[in-house]
Amino acid sequence: MNRLVIAVAIASSLLVIPGCYRPTSEASLNESSEVERIESNPVEAKGDGHNQHHQQHHPDSHSEHSGEEPEKPQNPTQAKLTVPSAIAANQPVALGIEIQDTAGNPISEFDIVHEKKMHLIVVSDDLQFFSHIHPTQNQGGQFQVENIFPSGGNYTLFADYKPRGDAQRVSALKTTVAGNPSPPKEMTLTRSQTLGNTEVGLMLPTEEISPGEPITLAFHLEDVQTQTMVTDLQSYLGELGHLVIVKQSDSPTEADYIHAHPMPNHGPGHLEFMTQFPEPGNYKMWGEFNRNGEIIAAEFWVTVK
Ligand SMILES: [Cu+2]
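1. Looking at the overall build of the protein
Item 1. From N to C terminus, the protein includes one helix and 18 strands.
Item 2. Burial analysis of the protein (305 residues in total) assigns 53% to the buried set.
Item 3. A sequence separation of at least 24 residues applies to 66% of the contacts in the protein between residues at least 6 apart.
Item 4. Within the structure as shown, the protein displays about 13,100 Å² of accessible surface, and the carbon and sulfur contribution to it stands at 48%.

2. Observations regarding the coordination of the copper ion
For a metal bound by four donors in tetrahedral geometry, the ideal donor-metal-donor angle is 109.5 degrees, whereas six donors in octahedral geometry ideally sit at 90 or 180 degrees.
Item 1. Protein-derived coordination of the copper ion comes from H119 (ND1), H132 (NE2) and H134 (NE2), at a distance range of 1.7 to 2.1 Å.
Item 2. Residue classification places H119 among the buried residues on the basis of a relative accessible area of 5%.

3. A look at the sheet that holds strand β8 (residues 153-161)
Item 1. Across the sheet, which stays open at both edges, the four strands sit in the order β5-β4-β8-β9 with antiparallel pairing between neighbours. Each edge of the open sheet is held by one strand with a lone partner, namely β5 (130-133) and β9 (169-177). Taking each pair of neighbouring strands and ignoring which way they run, the sheet shows an average axis angle of 20 degrees.
Item 2. Bridge count between strand β4 (residues 118-124) and β5: four bridges; the pairing is antiparallel. Opposite L120, over in β5, you have I133 as the bridge partner.

4. Re the pattern of salt bridges
Item 1. Taken as a whole and assessed by the stated rule, the structure comprises nine salt bridges.
Item 2. Its salt-bridge partner being E109, residue R164 comes within 2.8 Å of it at the nearest N-O pair. Within this pair, whereas R164 is found in the loop between β8 and β9, its partner E109 is found in the loop between β3 (92-101) and β4, the two being separated by 55 residues in sequence.
Item 3. We classify E109 as partly exposed; its relative accessible area is 44%.
Item 4. Connected via shared salt-bridge partners are E109, D111, K162 and R164.

5. Examining the sheet that holds strand β16 (residues 270-275)
Item 1. One open sheet accounts for four strands, arranged β10-β11-β12-β16; its pairing is antiparallel. Unpaired on one side and paired on the other, β10 (192-195) and β16 mark the two borders of the sheet. Here the strands of the sheet are splayed against their neighbours by 20 degrees on average, with no regard to which way each runs.
Item 2. For strand β12 (residues 215-223) and β16, the ladder comprises six bridges, and the chain directions are antiparallel. Paired with L217 across the strands is F273, a residue of β16.

Cut-offs and rules
Residues numbered from 1 in each chain as written. Predicted model: local features only at pLDDT ≥ 70, side-chain atom pairs only at ≥ 80, totals over all residues. Heavy atoms only, no water. Helix = DSSP H or I, 4+ residues; strand = E, 2+ residues; numbered from the N terminus. Buried < 20%, exposed > 50% of the residue type's maximum accessible area, 1.4 Å probe, protein only. Contact = heavy atoms within 4.5 Å. Areas by Shrake-Rupley, 256 points an atom, 1.4 Å probe, with all protein chains shown as cover. Donors = N, O, S within 2.8 Å, 3.2 Å for Na, K, Ca; no water. Pairing = 2+ DSSP bridges. Axes fitted to C-alpha atoms, helices over the stretch in contact; angles between N-to-C directions. Salt bridge = Lys/Arg side-chain N within 4 Å of Asp/Glu carboxyl O.

Pasting the structure below:
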């Protein structure tokens, strides 16, 4: 198959500690095809100087790490996305992602984080489409996965990974799907969504959210039939919930991506995530939960001024 390398990104910083979010750099990425481009994307020196300590003990269990700075990657990496030369909507597309050092040598050893060696969050750049998938490594160490893009347009892929013995990081990759994008949808600030037999409510301490301020986002899950709080939430990828947040922009970068996990000690159907929004803007969030084996993703918008 005719395959093209379409995007290369230098991994940016670790953005998974909600209480410790630091916008990093102007990570702009290659959107053109057929040309590899490598952009230097230095990470601010925010390491805590004892990275070894974190290896078994990932910092996104932030209850134990609240207030600590994210680990600083010791060795920068870049991610290279390989896709077919033409991508059509609504059919499986083989994605290849190779992680390399800055000299272009492949990296094949990774630590497992939340049960996987790589988490890949795919969003359309208008943030209507979201998918969370898990590429697996082939013999050569390249990550591979299939994805179905629902419509034409530009997409951003956030690859979240942790080279062995080094810090977790995120690389944003870009691809374009042939055809027309979905018609634009108006941003709604509704705070409740029904998914199958589950009603998910988002509770904010205030709708007046300020940038840079820690905020608790509470999710309340109720069974539609019984109108009572769900009691059958199960662990999904090592946590009772995952919250992915992407800031709206023409072309999101690593700095626009946040991944948070719930704080401990809450009731079965009530989960609280602590995070902060780095800048003013519109953010879309997807709260992912496992209800007795069924994964649901509830989506909400918030506006930060
Ligand atoms: Cu994942």
